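Chain by chain, the residues run as shown.
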Amino acid sequence: MTRAPLPRAPANPGKAMTCRIARWALPALLAGGLSLAVAQSDGQAAKFYEDALKRYEAQDVKGAIVQLKNALQQDKNMLPVHVLLGKALLANGDAAAAEVAFTEALRLGVNRAEVVVPLARSVAAQGKPQQLIEQARFATAGLPTNVQSQLLLLRASAAADLGDTRSAMRYIQDARVTDPGTADSWLVEASVRIRDRQFAEAQTAAERALALAPASAPASYMRGTVAHVRGDVPAALNFYGKALREDPTHTEALVSRAGLLLDQGRRTDAAADVATLLRSSPNDPRGHYLKALLAEAEGDTAATKAALNNITALLDPVPIEQLRYRPQALMLGGLAHFGLNEPEKAKPYLEAVQRMQPGSGVAKLLAKIYVAEKSNNRAIATLEAYLAVNPRDSQALLLLASAHMAQGRHARATQMMQEALRADDNPSMRTMLGMSLLGAGKFTDSASALEAAYQKDPGQLQAGVALATLYMQSGQADKAVRIASNLVKQRPQAAGLQYLLGSARARQGDVAGARAAFE
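Computed from a prediction, not measured in an experiment: that's the story for all the values here.

About the criteria used
Residues numbered from 1 in each chain as written. Predicted model: local features only at pLDDT ≥ 70, side-chain atom pairs only at ≥ 80, totals over all residues. Heavy atoms only, no water. Helix = DSSP H or I, 4+ residues; strand = E, 2+ residues; numbered from the N terminus. Buried < 20%, exposed > 50% of the residue type's maximum accessible area, 1.4 Å probe, protein only. Contact = heavy atoms within 4.5 Å. Areas by Shrake-Rupley, 256 points an atom, 1.4 Å probe, with all protein chains shown as cover. Lys, Arg positive; Asp, Glu negative; His and termini not counted. Charge placed at Lys NZ, Arg CZ, Asp CG, Glu CD. Phe/Tyr/Trp six-rings, centres within 6.5 Å; stacked < 30°, edge-to-face > 60°. Lys NZ or Arg CZ within 6 Å of the ring centre and 35° of its normal. pLDDT = per-residue confidence, 0-100. Salt bridge = Lys/Arg side-chain N within 4 Å of Asp/Glu carboxyl O. Polar contact = N/O pair within 3.5 Å; in protein donor to acceptor, adjacent residues only side chain to side chain.

A closer look at the overall build of the protein chain
- Looking only at helices and strands, one finds 30 helices and zero strands in the protein chain.
- Looking at the protein chain as a whole, 52% of its 519 residues are labelled buried.
- Sequence separation of at least 24 residues holds for 53% of the intrachain contacts in the protein chain that already meet a minimum separation of 6.
- For the protein chain, the exposed surface amounts to about 23200 Å²; the carbon and sulfur share of it is 51%.
- Within the protein chain, the 48 negative side-chain charges are centred at a point lying 3 Å from the centre of the 59 positive side-chain charges.

Structure below.
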């Protein structure tokens with residue numbers, strides 16, 4: 001599997017805010033008109049509903065959904081069932097079905113204040129942020145103050161998804177005026193500032209959130225995220241740890257801390273966080289990606305493949321349009337398929353990420369896919385756009401030179417490597433320079449470049465093979481044998497290198513040595 005850094009920031013950081021609506025909405029459903037509606041409904045339907053409510057409160061979401069659907073078979077107009085079904089479906093990740101349930105509850109006459117926030121969440125989860133901005137059903141007029149605030153913050157996240165930072169900040173300010181005493185608006189502001197790479201402002205907002213809610217796991221997590229993106233690893237680990245002391249199953253803190261620990265080589269500590277994450281959030285693909293990285297580090301190919309397959313099983317059934325504003329999910333889908341050697345399946349995920357984030361490193365994976373399918377012009381265009389943002393990425397430069405060589409543009413590849421070497425004397429670039437010169441028929445210059453690359457790094461396999469071949473062709477069999485012997489020592493099980501050594505020894509006149517290598 002190709003190792004790529006796990007994306008750190010949440011796909012939609014605004015969704016990490018404390019959800020105060022959840023604390024009052026459910027009791028509200030059990031009082032007044034809704035409880036009366038249950039009492040007046042069919043007796044069997046009411047029993048199904050009561051059992052579903054117990055299951056929902058015990059976090060048996062799937063069991064609650066089954067019982068709620070049973071209740072609707074008895075009485076399809078049972079208002080509280082539709083409301084609770086929407087909440088359960090949303091918690092189970094079925095945002096489209098949740099929207100249907102909430103919409104039906106509105107049709108049956110539920111107070112809009114009771115469902116508008118989870119309805120907005122279900123729409124946002126389907127990748128439809130424009131609806132939160134434009135549709136009248138998400139208007140704030142007539143709603144209680146705290147509901148208005150939550151809805152405005154969801155609109156802020158939607159505007160940020162659409163790239164409209166100015167509108168996002170306006171919604172945040174409106175929410176702050178509406179409900180000034182909570183941390184939520186500062187949490188959303190911090191996430192928006194991070195997206196805009198305004199890290200100082202993000203830290204100020206995160207600190208305000210933490211001051212208002214010092215025992216809040218989301219506030220500690222957000223403060224850790226700011227430290228993380230600013231490169232302050234000790235502070236990030238400290239705040240992630242604080243968040244997890246407040247809430248041991250806080251998904252975002254577990255993901256972020258496990259990724260940091262893995263980067264530091266602390267695999268045992270990372271594995272503990274990943275195990276907790278997979279128990280508490282088994283359907284989060286990030287947990288399976290972290291598990292794949294841990295398995296790869298241990299050399300466990302079967303476990304790596306199993307974890308990657310879990311990611312694709314979770315993401316492939318979701319319409320790609322629904323993931324449009326979730327770059328983490330898109331990236332993980334692409335990385336998983338790429339790691340499973342399924343480039344055609346990886347490509348739509350990676351292309352979607354590139355459209356959202358033109359400077360993302362997925363451009364290099366896409367370029368590899370394009371080169372493999374002989375779409376070299378697409379590879380070149382993709383890499384040139386990436387290098388305009390990341391001009392010193394040596395891996396991308398090597399890929400671009402390789403793509404030019406595949407098109408027969410050896411002079412262009414040579415020029416690129418010569419320019420790159422003036423800034424960084426990299427053995428891989430010297431190897432590529434030698435190969436481009438070889439492709440152009442400049443054998444003497446090619447040999448000089450390959451010798452320099454091989455002397456600086458004897459592990460440069462391509463340089464060693466090409467150099468040994470050049471030595472054989474120029475009658476320098478002794479030099480060819482020396483290099484081929486060194487390569488075989490590094491990779492004794494590589495049949496191609498044994499063949500190279502046998503050929504060099506045959507040129508040298510060592511028949512017995514050649515036979516041994518060929519055998």
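Observations regarding the packing of aromatic side chains
- Applying the stated criterion across every chain, the model contains two aromatic pairs.
- A ring pair is formed by Y499 and F518, whose centres lie 5.6 Å apart and whose planes are at 45 degrees; its orientation type is tilted. Within this pair, whereas Y499 is found in helix 29 (residues 495-508), its partner F518 is found in helix 30 (residues 511-518), the two being separated by 19 residues in sequence.
- Overall, Y499 belongs to the exposed group, its relative accessible area being 54%.
- For F518, a relative accessible area of 45% gives the class partly exposed.
- For R170, the ring lying beneath its charged end belongs to Y171, and the centroid distance is 5.4 Å.

Some words on the confidence of the model for the protein chain
- Here the protein chain averages 88 in pLDDT, while 92% of its residues score no lower than 70.
- Between the elements of the protein chain, mean pLDDT differs from a low of 37, seen in helix 1 (residues 21-29), to a high of 97, seen in helix 14 (residues 233-246).
- Between residues 1-37, whose pLDDT stays under 50, and residues either more than four places distant or in other chains, the model counts 95 contacts.

Some thoughts on the pattern of salt bridges
- If you walk through the whole model with that rule in mind, you get 21 salt bridges.
- E252 serves as the salt-bridge partner of R286, at 2.7 Å between the closest nitrogen and oxygen. Of the two residues, R286 sits in helix 17 (residues 285-297) while E252 sits in helix 15 (residues 251-263), which places them 34 residues apart along the sequence. Just as R286 is buried, E252 falls in that class too.

Some points on the side chain of E252
- Judged by its relative accessible area of 17%, E252 is buried.
- At a separation of 2.7 Å, a polar atom in the side chain of E252 contacts the side chain of R286.

Quick look at the environment of D263
- Relative to the assigned elements, D263 resides in helix 15.
- Accessibility expressed as a relative area gives 46% for D263, which makes it partly exposed.
- The spacing of D263 and A219 is 44 residues in sequence and 24 Å in space, taken between C-alpha atoms.

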